[in-house]
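# Architecture at a glance
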Amino acid sequence: MPRSQVAAFSVDRVQILDQEGRVDESLEPDIDDDRLLEWYRTMKRSRRLDRRVIALQRRGELGTYAPATGQEAAQVGSTAALSADDWTVPAFREHPSALARGLSEQGIFEYAMGLEEGGEPPDDVPIMPPSIAVGTQPLHAAGIGWAEAMNESESVALTYFGDGATSEGEVYEAMNLAGVYESQTVFFCQNNQYAISTPLSKQTRAATLAQKAIAAGIEPIQVDGNDILGVYAVTQKALERARRGVPTLIEATTYRREMHTTADDPSVYRTVEEEEEWEPLDPILRFERYLRDRGILDDEAVAEIEAEIERGLEEALEAARETAENADPADMFDTAYGDPPAYLERQREAFVEGSGLEVAPATETDRQRGDGGSSTAASEPAEGVDRLNMVEAIRETLRAELERDEDVLVYGQDVGVDGGVFRATQGLLDTFPGRVYDAPVAEAGIVGLGVGLAAAGYRPVAEIQFAGFAFQAFSQIHQHVSRIRSRSRGKLTCPMVVRAPYGLGVKALEHHSESYEAGYAHIPGLKVAIPSTARDAAGLLRAAIRDPDPVLFFEPMPLYRAARRPIPGDHVTPLGEARVVEEGTDITVVTWGAMVRDVDGAAANVDASVEVIDLRTISPLDTETVLESVRKTGRCVIVHEAPRTGGFGAEIAARIADEAIWSLEAPIERVGGYDVPVPLFGREDAYRPDEDRIRAAIERVESA
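Residues numbered from 1 in each chain as written. Predicted model: local features only at pLDDT ≥ 70, side-chain atom pairs only at ≥ 80, totals over all residues. Heavy atoms only, no water.

## Here's the deal with the pairing of strand β7 (residues 219-224)
In terms of residue burial, β7 counts as a mostly covered element, since five of its six residues are buried. With two bridges joining them, strand β1 (residues 13-14) and β7 adopt parallel strand pairing. Bridge assignment links Val-14 to a residue of β7, and that residue is Val-223. The handedness of the β7 to strand β8 (residues 248-253) crossover, carried by helix α8 (residues 228-242), is right-handed. (Buried < 20%, exposed > 50% of the residue type's maximum accessible area, 1.4 Å probe, protein only. Helix = DSSP H or I, 4+ residues; strand = E, 2+ residues; numbered from the N terminus. Pairing = 2+ DSSP bridges. Right-handed = clockwise from strand over helix to strand, strands pointing away.)

As C-alpha cells, then:
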C-alpha cells in the first residue's frame, strides 16, 4: 500500500540559565536589576510560605495544602510576562503566581484555613479563583481568551495545570476549542514529573507533553521550568502569538520538591537518589547564583530580604487569624445565587435565628408571590401577537435577546449553518454573524467555555444537542458553572443558559430521550427550567437569559411542534413561579414538561375536581403554590417521566410532608418512569407514564 507523509512536527526546548546560573547571553532578556530582584524576592516568599503553612498544618491549625516548592521559577517567570489586563486561570498550586500578581499571603493562609475569603479575587487583578478539579479550568481560559478575541482587546488568558492534567480529556478539549476559535490563550503545563504518586513514565508514552498541542493545531514549546529567564522569554513570545489568535502550549519541565499535598507522603513513591539528582537544579539556587554574578545580590541583601519576608508572613498570618475569628457562617447563604430563592432565604432565616427549625415558616408575602423568589419582572406585551409553536417561540426569543443585548452569544453543536437539529436556531447565523457559532462535538468544552465567556462579560447561551449528553459536561456544571459565584464570593458570576432537548416521545436513539432533571436540581447555585407551552418556552427562556444565575433549560421534544399559540412580544415568565393549569378542589396533581398534556387528559376523564399545577421551574421550586393547593385539596399526585426512585417528585413529596402533612387526607402518590434504563423507543410507551396510569393514580388517591 503506498504511503506518504502528510505531516511532520518538532518541539523546541529553551534554556537560558544553566545549572550553575551561567547565562546564554544570546538569549538573555533585557530586564532591569530591580525587576530581577523582585522576582527573586517573590520566589523566596513563596518558598518560605510553603514551609510556614506546612508547619502550621502539622500543628493542626491549617487544612490540606499543596506546596509549590521547586516550581517557583515556572510560575513567577510566566506571570512576570503578563500585562496588568491579562488573566490568570490557576489550578490549586499557583500561589507563587498569585504573589507575583500582587496578592497577599493573607489570602493563601485564609484558603488553607478553609475560608472562602482566601479565594476571593481582588478587584484590580483579572484572576480566577483556585480550581481543585484537575484539568477543568483550561476550558475557562479558552472561553476568556475567545471573549477577548471577540472584543478585539489585547488581553490574554494564561492557565496553569500539571502534567497529570494532560491526561484529562477537558485539557485537550480546551486546546482544540482555543485553536478553533483563535482564542487568546496560553496553556502552561508545569511538568513536575508526578501526578500525585504516578510518574510521568506511567502517564504517557509521548516524548514530550508539549507535543499534545500538535493535534489541536496550536503551538508547542518546551522550556526548562527551573530557569526563570527562559520561562519569561518563552511566555512573552507565547503571549505575543496569542494576541494574534494563535494559542500556545508551554511545557515547563520542573520538579515538585515537596509532597503533592500535606495529606501525601512522597517517600512512598520517590527515592532519595532522585531527589538528590534534582537538588542542584533548584530554581532559586540557580537564579541566586545568576544575581550574585551580576552583582545585584549579596549575603547582606539576602539577609534583608529574608527578614522582610518573615515580617510579612507574620503580619499576613495574624490578619488571616482575625478573618477566621470574625467569619460569619451565615455568609454561606449569601453568594450561592445572585437572585436567591425564597426557600433558601427561609433556610438562612432559621439558621441565623437558631430556632432549631431547618426552614423558617413561610410568610404571607412568600405565599402571595410563590416560593421561587425570582425578581425577574414581567414586561408589558408589545403590540402585535404572533402565533408560534414551541420551537418557533424559542427561536424568536433567541433572536429578540440577541437583538436586545450585544453580550448575548449563541453557540453549540450544529446551531449555525444547520440551525440546530430541531431548527431552534435556524436563520440566526445569517442575522447575527459573529454572535452565533457552531461548536465541535465536545459537551464539557461547550459548557466550560461558557464559564470563561461569562467571566469576561458575555451572556452565553449554549446548546447541548440532547440532554442525555449533558452528563459529559456534568463536571463543568457541578464544579464550576454553579459554584463560580460562591467560590469568588460574588466577584465572578456565570449568567449562562444551557439549552437541551429532553424527554421521551420522538423515537430517538439511546441517550436521546432521558429525563434526569432531578440530578441538576440537586446542585445549589443552578436553576432548572422546563416549559410545557410555547408561551412559557418564550417567557422562561427570556427570563433565563436575563437572570444573574446559570440556568439549565430543558425543552420537551414532543412539544416542539405542538399547536401554535399566541405569544405576546417580550413576554417574560418569572423563574420560580408555578402555573395553575386547572383549578380544582378535590385533588392536586403536580407535574411539568411534556407530562402536563397527559395530566390534563387524565384529569378530564375522572369525576373528581382536579387542580393541575405546572411547576415550570423545578429549581427554584415554587413550594408555596404547591402547599397552598395541597392544603386546599388534602390530596396529591406527582407525575414525571424520570425514574421513580430519586426523581424530583420525591423532593416535592418531602416538602409537602415537611410543611403540610396535617392537611393530607390520603398518602401522596407518585407516577413516574420505572427504575430501569430508559428503553429504546420500541418499549418507551410502556415505560412512560400515560393517561391511564395517571388517571388510575388520581382515582386511588381521591378514593382513599
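## Let's talk about the packing of helix α5 (residues 138-150) against helix α16 (residues 443-455)
Direction vectors running N to C along α5 and α16 enclose 60°, while the axes themselves pass 6 Å from each other. What the angle tells us is that α5 and α16 run oblique. Between α5 and α16 the crossing geometry is right-handed. Facing Leu-139, His-140, Ala-142, Gly-143, Ile-144, Trp-146, Ala-147 and Met-150 of α5, the residues of α16 in contact are Ala-444, Gly-445, Gly-448, Leu-449, Val-451, Gly-452 and Leu-453. In the contact of α5 with α16, the residues fall into ten nonpolar, five polar and no charged. (Axes fitted to C-alpha atoms, helices over the stretch in contact; angles between N-to-C directions. Parallel < 35°, antiparallel > 145°, perpendicular 65-115°, else oblique. Left-handed = near helix turned anticlockwise from the far one by under 90°. Contact = heavy atoms within 4.5 Å. Nonpolar A, V, L, I, M, F, W, Y, C, P; charged D, E, K, R; others polar.)

## Some thoughts on the side chain of Glu-94
Structurally, Glu-94 is set in the loop between β2 (87-89) and α3 (95-100). In this structure, Glu-94 is buried with no salt-bridge partner, the nearest side chain bearing the opposite charge being Arg-93 at 6.0 Å. A polar contact of 2.7 Å, which involves the side chain of Glu-94, links it to the backbone nitrogen of Ala-91. Other than its neighbours up to four places away in sequence, Glu-94 contacts Gln-75, Tyr-160 and Gln-190. (Lys, Arg positive; Asp, Glu negative; His and termini not counted. Salt bridge = Lys/Arg side-chain N within 4 Å of Asp/Glu carboxyl O. Polar contact = N/O pair within 3.5 Å; in protein donor to acceptor, adjacent residues only side chain to side chain.)

## So, the sheet that holds strand β18 (residues 587-591)
Whether parallel or antiparallel, the strands of a sheet pair through hydrogen bonds between backbone atoms. Taken in spatial order, the five strands of this open sheet run β17-β19-β18-β21-β22, and their pairing is mixed. Only two strands of the sheet have a single neighbouring strand rather than two, namely β17 (579-582) and β22 (669-673). The average undirected angle you get between the axes of adjacent strands in this sheet is 25°.

## Details of helix α4 (residues 105-112)
Of all the eight residues making up α4, six are buried; the element is thus mostly covered by neighbouring parts of the structure. At its buried positions, α4 is contacted by α1 (33-58), α3 and α11 (299-326). You can read the cap of α4 off the contacts: a side-chain oxygen lies 2.9 Å from the backbone nitrogen of Gln-106, and it is on Ser-104. The positive-phi residue at the C-terminal boundary of α4 is Gly-114, with phi of around 80°.

## Here's the deal with a nonpolar patch on the surface
Judged by side-chain polarity, Met-332, Phe-351 and Val-352 come together as a nonpolar surface patch covering roughly 300 Å² of accessible area. Take Val-352: it is sitting in helix α12 (residues 342-353). (Patch = residues over 30% accessible without salt bridge, like charges linked within 9 Å, V, L, I, M, F, W, Y side chains within 5 Å. Areas by Shrake-Rupley, 256 points an atom, 1.4 Å probe, with all protein chains shown as cover.)

## Quick notes on the confidence of the model for the protein
Of all residues in the protein, 97% attain a pLDDT of 70 or more, and the chain-wide mean is 94. The low-confidence segment residues 372-382 (pLDDT under 50) makes 27 contacts with residues lying over four places distant or belonging to another chain. (pLDDT = per-residue confidence, 0-100.)

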